[in-house]
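The chain contents come next:
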Amino acid sequence: MSCHLSRLVRHGAAIAALAAAIVALPAWTASARGPENIADVAEQVIDAVVNISTSQKVDARIGTMPDLPPGSPMEEFFEEFFKNRRGQGGGPPGDADRAPRRINSLGSGFIIDPSGLVVTNNHVIADADEINVILNDGTKLPAELVGKDSKSDLALLRVHPDKPLKAVKFGDSDKLRLGEWVIAIGNPFSLGGTVTAGIVSARNRDINSGPYDNYIQTDAAINRGNSGGPLFNLNGEVIGVNTAIISPSGGSIGIGFAVPSRSAMAVIDQLRQYGETRRGWLGVRIQQVTDDIGESLNIKPARGALVAGIDERGPAKPAGIEPGDVVIKFDGHDIKEMHDLPRIVADTPVGKEVEVVIIRKGKQETHTVKIGRLEDGEKMAAADAKKGAVPENKSVVQKTLGLELSNLSDDLRKKYKIRDNVKGVLITGVDPNVSSAAPDKRLSAGDVIVEVQYESVGNPADLQSRVDQLKSQGKKVAVLLVSNADGETRFVALSLQ
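Everything numeric in this text was worked out from a predicted model, so none of it was measured.

Could you clarify how one ought to interpret the sheet that holds strand β9 (residues 215-218) in this entry?
Backbone-to-backbone hydrogen bonds join strands into a sheet, with any given pair of strands oriented parallel or antiparallel. The 6 strands lie next to each other as β7-β8-β9-β12-β11-β10, forming a closed barrel whose pairing is antiparallel. Between one strand axis and the next, the sheet turns through 45 degrees on average, direction left out of account. As paired elements, strand β7 (residues 181-186) and strand β8 (residues 194-205) share 6 bridges and run antiparallel to each other. Bridge assignment links V182 to a residue of β8, and that residue is G198. With respect to the sheet, helix α3 (residues 38-45) is in contact with β7, β8 and β10 (230-232), its orientation differing from that of β7 by roughly 35 degrees. Sitting on the sheet, helix α7 (residues 261-274) is in contact with β11 (238-245) and β12 (256-260), with an inclination near 50 degrees to β12.

Where do I start with the environment of G193 in this structure?
Looking at the secondary structure, you find G193 in the loop between β7 and β8. Along the chain, G193 and S108 lie 85 residues apart, while their C-alpha atoms are 8.9 Å from each other. With residues near it in sequence (within four places) discarded, G193 still touches N51 and G186.

Explanation requested: the side chain of N187 in the structure shown.
Here N187 shows up in the loop between β7 and β8. A relative accessible area of 1% places N187 in the buried class. At 3.3 Å, the side chain of N187 forms a polar contact with the backbone nitrogen of L191. In this view, N187 contacts N51, L106, G107, S108, G192, R224, G225 and N226; residues no more than four positions away in its chain are not counted.

Can you walk me through the environment of R158 in this structure?
Relative to the elements of secondary structure, R158 occurs in strand β6 (residues 154-158). In this structure, the C-alpha to C-alpha distance between R158 and A143, residues 15 residues apart in sequence, is 5.5 Å. Other than its neighbours up to four places away in sequence, R158 contacts S115, G116, L117, P142, A143, E144 and V146.

Explain the pattern of salt bridges to me, please; I cannot follow it from the model alone.
Working definition: two side chains of opposite charge can pair if their charged atoms are close together. With the rule as written, the count across this model stands at 15 salt bridges. Here E276 ties to R278 by a salt bridge, and the two come within 3.7 Å at their closest N and O atoms. Look at E276 and you get partly exposed, because its relative accessible area is 34%. For R490, the salt bridge identified is with D447, shortest N-O distance 3.6 Å. Of the two residues, R490 sits in strand β27 (residues 489-495) while D447 sits in the loop between α12 (432-435) and β24 (448-452), which places them 43 residues apart along the sequence. Using a relative accessible area of 26% as the deciding quantity, one classes R490 as partly exposed. Taking relative accessible area as the criterion, D447 reaches 8% and is therefore assigned buried. A cluster of three or more residues bridged by salt bridges with shared partners is formed by E322, D325, R360 and E365.

Can you help me understand unusual backbone geometry in this one?
The general pattern is negative phi for most residues beyond glycine and trans for most peptide bonds. The omega torsion across K300 and P301 is -5 degrees, close enough to zero to call that bond cis. Of note in this structure, D153 is not a glycine but carries a positive phi near 60 degrees. Relative to the helices and strands, D153 is located in the loop between β5 (140-149) and β6. Phi is positive for Y454, close to 70 degrees, though the residue is something other than glycine. Within the secondary structure, Y454 sits in the loop between β24 and β25 (455-456). Of the residues examined, Y454 reaches a relative accessible area of 14% and is grouped as buried.

What counts, and at which threshold
Residue positions are given per chain, counted from 1 along the sequence in the order it is written. Per-residue local features are limited, in this predicted model, to residues with pLDDT of at least 70; the limit for side-chain atom pairs, both in listing and counting, is 80 or more; totals at the level of whole chains, interfaces and linings are taken over all residues. Note that water and hydrogens are dropped before the side-chain values are worked out from all heavy atoms of the structure. What makes two strands pair is DSSP finding at least two bridges between them. Numbering of helices and strands runs from the N terminus, with a helix taken as a DSSP run of H or I at least four residues long and a strand as a DSSP run of E at least two residues long. Axis lines are fitted to C-alpha atoms, over the contacting stretch for helices. Their N-to-C directions set the angle, which ranges from 0 to 180 degrees. Working rule for contacts: check all heavy atoms of both residues, and any pair within 4.5 Å makes them a contact. Classification of residues uses two cut-offs on accessible area relative to the type maximum, computed with a 1.4 Å probe and protein chains only: under 20% is buried, over 50% is exposed, and between them is partly exposed. We define a polar contact as two N or O atoms separated by no more than 3.5 Å, with the added condition that, inside protein, one atom must be a possible hydrogen donor and the other a possible acceptor, whereas residues neighbouring each other in sequence contribute only through side-chain atom pairs. By definition, a salt bridge exists where a carboxyl oxygen of Asp or Glu is found within 4 Å of a side-chain nitrogen of Lys or Arg.

Have a look at this one:
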């Protein structure tokens, strides 16, 4: 009896301790679940979130497998099923098997205007012959494409409903804070309207998917089929368009990316107004200011965007901007990283005159540039014809800094397919240490050295003389302006040791 009583007392003490813990922890458990108004927000906005169904005619020989996540247990099953069906289904394929057929895919989107304007990802509707928007109540409406933009991966659709639709508004993604709660709604794996919640994990993420990457990263579950769906803040405002995930299996591992509303709004407004984008254009090729390059230009700490090349017909040329300049401010915006400049230029109205602050050979200058239109610049670049050939010096091979160098002869131009307008000293051989260096310092045969420490070189002797001069000055690094065969230039910081 006493033993039984002792067990009850100990058990009772445990219950009392647990009760105390429960009293002390309700705030923690509530925050772990997430804010209580997630359900209210989801209920408020879910009717504005739609499924996007597309259809495309393809060659039957391309494949018959359904769209499954890589590594899915069902992938192997379907692979075997379709293999057996082709091999045992009554002999060799006939004309009917080779006839074009239609494949379907599903994504997500959201309504931004009650009259029927729908935002989604460009990759959701790309190459589709037929697009349908499926509302939350199951209503299916045929959609027409208003405009699309591959650089930001956004598209705008229009449907014609019988009555006004539920629409949502964009919020300000610039006001997002790390750790702030967000809600993703979409159509993962074709399951229909699905709500997931998480936090903002990071901002301004560059995932190397395009020139204007500045994604919101979130751990809210985003899967295949969520593409084009909205990311909401707790006010029910769209602060992002869910676009990409990092996943080895195709399923969510808590790393998803959304186009910020601030970027999306500018693109959507242009698609709505013009059916296309009209981005600003500066007409420069840029690269990162590395520590070595920053030191050579006396820019500490290293910052800005290094101008590696100038488009001869671009706005930067008449404004006096040159290769070797480092852009540190554009239209009042600080340029801290190379990737800041393309985004800011693209958002600048075409025709606007802006001040560009640069550092040139250690000194700060301000230039005024009238912004052009990017699309016009792309068309001009595509239409560029090769200029007439200029007689070159006879080939003379010389070695320095682990490089075999030569004059640009006609034969060498043909061998390396180098354009006639490229001038400088040709690299014909590279020491293994140089060829296997870090990507920003890597050189290869066929590259042309245009400048050494921001001064032009025309032959190997010029280059060697410049290198000797830098060594005598105690320099440890030489900054080379290097061109590829097509005339695209970049800066390379090469050790003089």
